[in-house]
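Here's the letter readout for the chains.
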Amino acid sequence: MDLIYSKQNIVEASKFVIKKAKTNHYFFEGIVGAGKTTLIKQICFQLGVKETVSSPTFSIINEYLGENQTIYHMDLFRLDDKKEIYNLGILEYLENSNLIIIEWPEILLSNFQYNYTLVKISYINNEKRRITLNNIIKWVFLKGCYFIYLALWLVWYSCFILWVKKKLLLITLQIKEC
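Right, let's walk through the structure included here. The structure displayed is predicted, hence computed values, not measured ones.

Some details on helix 2 (residues 36-46)
If you check which residues of helix 2 are buried, you get Lys36, Thr37, Leu39, Ile40, Gln42, Ile43 and Cys44. Downstream of helix 2 by a residue or two, Gly48 has a phi angle that is positive, lying close to 95°.

Shown next as structure tokens:
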């Protein structure tokens, strides 16, 4: 899904991202100066954030209170390896149901599997940008239920084994009676 926008219709662009996103993980890619943070500020405003939204380039993680949710805005540009992802607790943020907005997610995407909405911002000219939005839904949507599925399978398997043993016992008893 694509949308061409300028600063004059950035409200429309932010509404486009919010409406078309199918996950609570918005991952932004684009060259330096493409307008990632500018669009993110407008998205946060649309979601009810009253405070000033700024780039988390140095803090790495900013937290904002929206109308109905907490929004975590991250910038992973300065991270060099996946150990830093663990050390900063980024995976814990991604496990909750809050909205996570990440600029420069490449280190995360190359090391971990998550469902996410990829928002690529391409520079067209000084006035216009193109948003290309893709919802990347992987098997990990079952991750939270994995243990439930595993437990159900184990119960089924155990019942099956007991049933087989019972049938074998009945067959053995029938043979002995003959």
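A short note on the nonpolar core
The nonpolar side chains of a soluble globular protein tend to be buried with one another. Of all hydrophobic cores here, the largest spans 25 residues; its most connected members are Val17, Phe28, Leu39, Ile101 and Ile131. Broken down by secondary-structure element, the contributors of at least two residues to this core are strand 1 (2-6), helix 1 (10-20), strand 2 (25-29), helix 2, strand 5 (99-103), strand 6 (116-123) and strand 7 (128-136). When residues no more than four places from it in sequence are discounted, the contact partners of Ile101 are Tyr26, Phe28, Ile40, Ile43, Cys44, Ile71, Tyr72, His73 and Met74. Residues Phe27, Ile100, Ile102 and Phe112 belong to the second largest nonpolar core, which totals 18 residues.

Quick look at the packing of aromatic side chains
One pass over the full model with this rule turns up six aromatic pairs. Centroid distance Trp156 to Phe160: 5.6 Å. Interplanar angle 10°. Geometry classified as stacked. With Trp156 and Phe160 both in helix 6 (residues 146-177), this residue pair falls four residues apart, about one helical turn. Residue Phe160 is classed as partly exposed on the basis of its relative accessible area of 38%. Ring-pair connections join several aromatic residues into one group, and the members of that group are Trp156, Phe160 and Trp163.

Focus: a nonpolar patch on the surface
Together, Trp153, Leu154, Trp156, Tyr157, Phe160 and Trp163 give the surface a local cluster of nonpolar side chains, amounting to about 690 Å² of exposed area. Its place among the elements puts Leu154 in helix 6. Among the residues examined, Leu154 registers a relative accessible area of 41% and is labelled partly exposed.

Regarding the environment of Asn98
Structurally, Asn98 can be placed in the loop between helix 4 (90-95) and strand 5. Sequence separation between Asn98 and Leu173 is 75 residues, and the spatial gap between their C-alpha atoms is 60 Å. When residues no more than four places from it in sequence are discounted, the contact partners of Asn98 are Asn24, Gln69, Thr70 and Tyr72.

Criteria and thresholds
- Residues numbered from 1 in each chain as written.
- Predicted model: local features only at pLDDT ≥ 70, side-chain atom pairs only at ≥ 80, totals over all residues.
- Heavy atoms only, no water.
- Buried < 20%, exposed > 50% of the residue type's maximum accessible area, 1.4 Å probe, protein only.
- Helix = DSSP H or I, 4+ residues; strand = E, 2+ residues; numbered from the N terminus.
- Core = buried A, V, L, I, M, F, W, Y, C linked by side-chain atoms within 4.5 Å.
- Contact = heavy atoms within 4.5 Å.
- Phe/Tyr/Trp six-rings, centres within 6.5 Å; stacked < 30°, edge-to-face > 60°.
- Patch = residues over 30% accessible without salt bridge, like charges linked within 9 Å, V, L, I, M, F, W, Y side chains within 5 Å.
- Areas by Shrake-Rupley, 256 points an atom, 1.4 Å probe, with all protein chains shown as cover.
- Salt bridge = Lys/Arg side-chain N within 4 Å of Asp/Glu carboxyl O.

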